[in-house]
Amino acid sequence: MKATAIAGANIALIKYWGNRDDALRLPMNGSIALTLDRLTTTTTVAFDGDLERDLIQLDAVEPHHEAHARVATHLDRIRRLAGEERWGRVVSRSNFPSGVGLAASASGFAALTLAASSALGLELEERELTSLARLGSGSAARSMLGGFVEWVAGSSHEDSYAYQLAPPDHWALCDCVAVVGETPKPVGSADGHRLAATSPLQVARVRQVELDIEPMRQAIRERDLPQLGSLMERDALSMHAVMMTSDPSLFYWTPATVAVMTAVRRWRMEGLGAWFTIDAGPNVHVLVPEEESDEAAARLRGIEGVQRVIQARSGPGARLSDEHLV
Ligand code: DP6
């Protein structure tokens, strides 16, 4: 009645921003991401007849009401599938800061989904697991799988799922994450998705993403970094344009964010194969070929405002572990 799972964060190359159905987390558009090896969440779930409520510990603290309810609601979904009534103990640890746009909800809900469903002996297909994880956090659907992953938007719970486009070893890319701020963001993704529709740019963005999905698949298939990079940069900027022009406006960048973006474009002119993307936070993910990653990381460290650089590579999907946290 106990299981532990590990899942990696993922960086979206084509982003998810805005839902057509918030409750079911059915996104406005499909998205494509790379699952990462170094940024992981480990979660143990134990169902126990002696408990009188769900006990949840995230990064050594009991989460505030809203975060607690989000995890408990996800446990309820999984309990319902298994016909289980016992309360659960959840202990979860991430090896990176959460709430700063480094996708802790993706790795967190992917690990929670696999740990809870395994603890209850549910035998779900891979596709069903990705849809289930999606209900906890949209981007968690992608973290269930390794390497390059597409989340198909779909129009119902069953047909909004993720599948692997290419395994982790398909292409040796490195994500150099330039961490420029580690304070939790004022507006989290869940609230941000609700604001997307208030931006006059959202309709144009969704239309563009529909056109960009196939060229992005092709860039991955053919390991074409300039094509992947130019689609990825434009998509990140278009998502941030939607954020900035929603009502109320969301603005995640700091001067260091802009300094990194500007530097990456300059380095490219000088021959470095580096391209950036940014999630819902100030930190900049710089994608480079593996052999150029030390050079890119060293250059990033030299930019004022960059506190540290995490070099992550393509990683596996969510998996079980014998090392329980409780
Ligand atoms: C900007 O998956 O964190 O990182 O479904 O509400 O948990 P919820 O949102 P979340 O949104 C991710 C937004 C993003 C882009 C992306 O990862 O595709």
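For the structure, see preceding data.
Residues numbered from 1 in each chain as written. Predicted model: local features only at pLDDT ≥ 70, side-chain atom pairs only at ≥ 80, totals over all residues. Heavy atoms only, no water.

Sorry if this is basic, but what is going on with the overall build of the chain here?
Counting secondary structure elements, the chain contains 9 helices and 13 strands. The C-alpha atoms of the chain give a radius of gyration of 19 Å, which matches the 20 Å a tight globule of 326 residues would have. Within the span of the chain, comprising 326 residues, buried residues form 57% of the whole. Taking as baseline every contact in the chain between residues at least 6 positions apart, the subset at least 24 positions apart corresponds to 75%. When the accessible surface of the chain is summed, it comes to about 13500 Å², and 51% of that surface belongs to carbon and sulfur atoms. Treating the 32 positive side-chain charges of the chain as one cloud and the 42 negative ones as another, the clouds have centres 3 Å apart. (Helix = DSSP H or I, 4+ residues; strand = E, 2+ residues; numbered from the N terminus. Rg over C-alpha atoms; globule rule 2.2 N^0.38 Å. Buried < 20%, exposed > 50% of the residue type's maximum accessible area, 1.4 Å probe, protein only. Contact = heavy atoms within 4.5 Å. Areas by Shrake-Rupley, 256 points an atom, 1.4 Å probe, with all protein chains shown as cover. Lys, Arg positive; Asp, Glu negative; His and termini not counted. Charge placed at Lys NZ, Arg CZ, Asp CG, Glu CD.)

It is not clear to me how the packing of aromatic side chains should be interpreted in this structure. Could you clarify?
Two descriptors summarise a pair of aromatic rings, namely the distance from one centre to the other and the angle between the planes of the rings. For the structure on display, the rule yields 4 aromatic pairs. For the pair Tyr16 and Trp151, a centre-to-centre distance of 4.6 Å together with 70 degrees between the ring planes defines the contact as edge-to-face. Of this pair, Tyr16 sits in the loop between strand 1 (2-14) and strand 2 (19-21) while Trp151 sits in strand 7 (residues 148-151), placing them 135 residues apart in sequence. A single burial state applies to Tyr16 and to Trp151, both of which are buried. The ring of Tyr161 is capped by Arg127, whose NZ or CZ atom sits 3.7 Å from the centre of that ring. Between the NZ or CZ atom of Arg268 and the centre of the ring of Trp275, over which it lies, the distance is 3.6 Å. (Phe/Tyr/Trp six-rings, centres within 6.5 Å; stacked < 30°, edge-to-face > 60°. Lys NZ or Arg CZ within 6 Å of the ring centre and 35° of its normal.)

Honestly, the layout of surface pockets in this entry has me stumped. Any pointers?
Think of a ball as big as a water molecule: rolled over the atoms, this probe shows where empty space is left. By volume, the second largest pocket amounts to about 240 Å³. In terms of lining, the second largest pocket is formed by Arg77, Arg80, Leu81, Leu124, Arg127, Glu128, Ser131, Leu132, Leu135, His157 and Glu158. Only helix 1 (65-82) and helix 3 (126-136) provide two or more residues apiece to the lining of the second largest pocket. For the lining of the second largest pocket, the per-class residue count stands at 4 nonpolar, 2 polar and 5 charged. (1 Å grid on protein atoms, 1.4 Å probe; cavity = no way out; pocket = protein on both sides within 12 Å on 5 of 7 lines; lining within 4 Å. Points joined across faces, edges and corners; volume = space filled by probe spheres on them. Nonpolar A, V, L, I, M, F, W, Y, C, P; charged D, E, K, R; others polar.)

Even after reading the chapter, I still don't get helix 9 (residues 293-301), so can you show me in this structure?
A turn of α-helix holds 3.6 residues, and therefore any two residues three or four places apart point the same way. Buried within helix 9 we find Ser293, Ala296, Ala297 and Leu300. For helix 9, the angular spread of the buried residues around the axis is 100 degrees, confining them to a single face. For helix 9, the secondary structure elements touched by its buried residues are strand 9 (173-179), helix 8 (255-269), strand 11 (284-289) and strand 12 (308-313). (Arc of directions from axis to C-beta.)

Just to check I follow, could you spell out the side chain of Asn10 for this structure?
As for its position among the elements, Asn10 is in strand 1. Among the residues examined, Asn10 registers a relative accessible area of 2% and is labelled buried. For Asn10, the side chain forms a polar contact with the side chain of Arg142, separated by 2.8 Å. Polar side-chain contacts of Asn10 include one of 2.8 Å to the side chain of Ser143. (Polar contact = N/O pair within 3.5 Å; in protein donor to acceptor, adjacent residues only side chain to side chain.)

What's the story with unusual backbone geometry in this structure? I'm lost.
Keep in mind that most residues, glycine aside, have a negative phi and that most peptide bonds are trans. Pro248 follows Asp247 through a cis peptide bond whose omega is 0 degrees. When you line up the elements, Pro248 lands in the loop between helix 7 (225-244) and helix 8. Even without a glycine there, the phi angle at Asp59 is positive, about 50 degrees. Mapped onto the secondary structure, Asp59 falls in the loop between strand 5 (55-58) and helix 1. Non-glycine residue Arg223 carries a positive phi angle of around 50 degrees. A relative accessible area of 46% places Arg223 in the partly exposed class.

Would you explain the site of the ligand in this entry?
Every one of the 17 residues lining the ligand counts as a neighbour, but Arg70, Ser137, Gly138, Ser139 and Arg142 are closest to it. Ser137 places a side-chain nitrogen or oxygen 2.7 Å from an oxygen atom of the ligand. When the free accessible area of the ligand is taken as 460 Å², the share hidden by the protein chains comes to 95%. Among the elements that make up the shell around the ligand, the one with the highest residue count is helix 5 (residues 189-195) (3 residues). Looking at the shell around the ligand, its residues break down into 6 nonpolar, 6 polar and 5 charged. (Near = heavy atom within 4 Å.)

Teacher, can you tell me more about the environment of Trp17 here?
Note on placement: Trp17 falls in the loop between strand 1 and strand 2. A C-alpha to C-alpha distance of 17 Å links Trp17 and Ala133, two positions 116 residues apart in sequence.

Whenever I open this one, the pairing of strand 9 confuses me. Can you help?
The side chains of a regular strand alternate, residue by residue, between the two faces of the sheet. Of all the 7 residues making up strand 9, 7 are buried; the element is thus mostly covered by neighbouring parts of the structure. Taking every second residue as pointing to the same face, both faces of strand 9 are buried, with Leu173, Asp175, Val177 and Val179 on one and Cys174, Cys176 and Ala178 on the other. Here 6 bridges tie strand 9 to strand 11, and the two strands are oriented antiparallel to one another. Directly across from Cys174, in strand 11, lies its bridge partner Val288. In terms of strand pairing, strand 9 meets strand 12 through 6 bridges, oriented antiparallel. Bridged to Ala178 within strand 12 is Val309. (Pairing = 2+ DSSP bridges.)

Shape descriptors only; they carry no functional weight alone.
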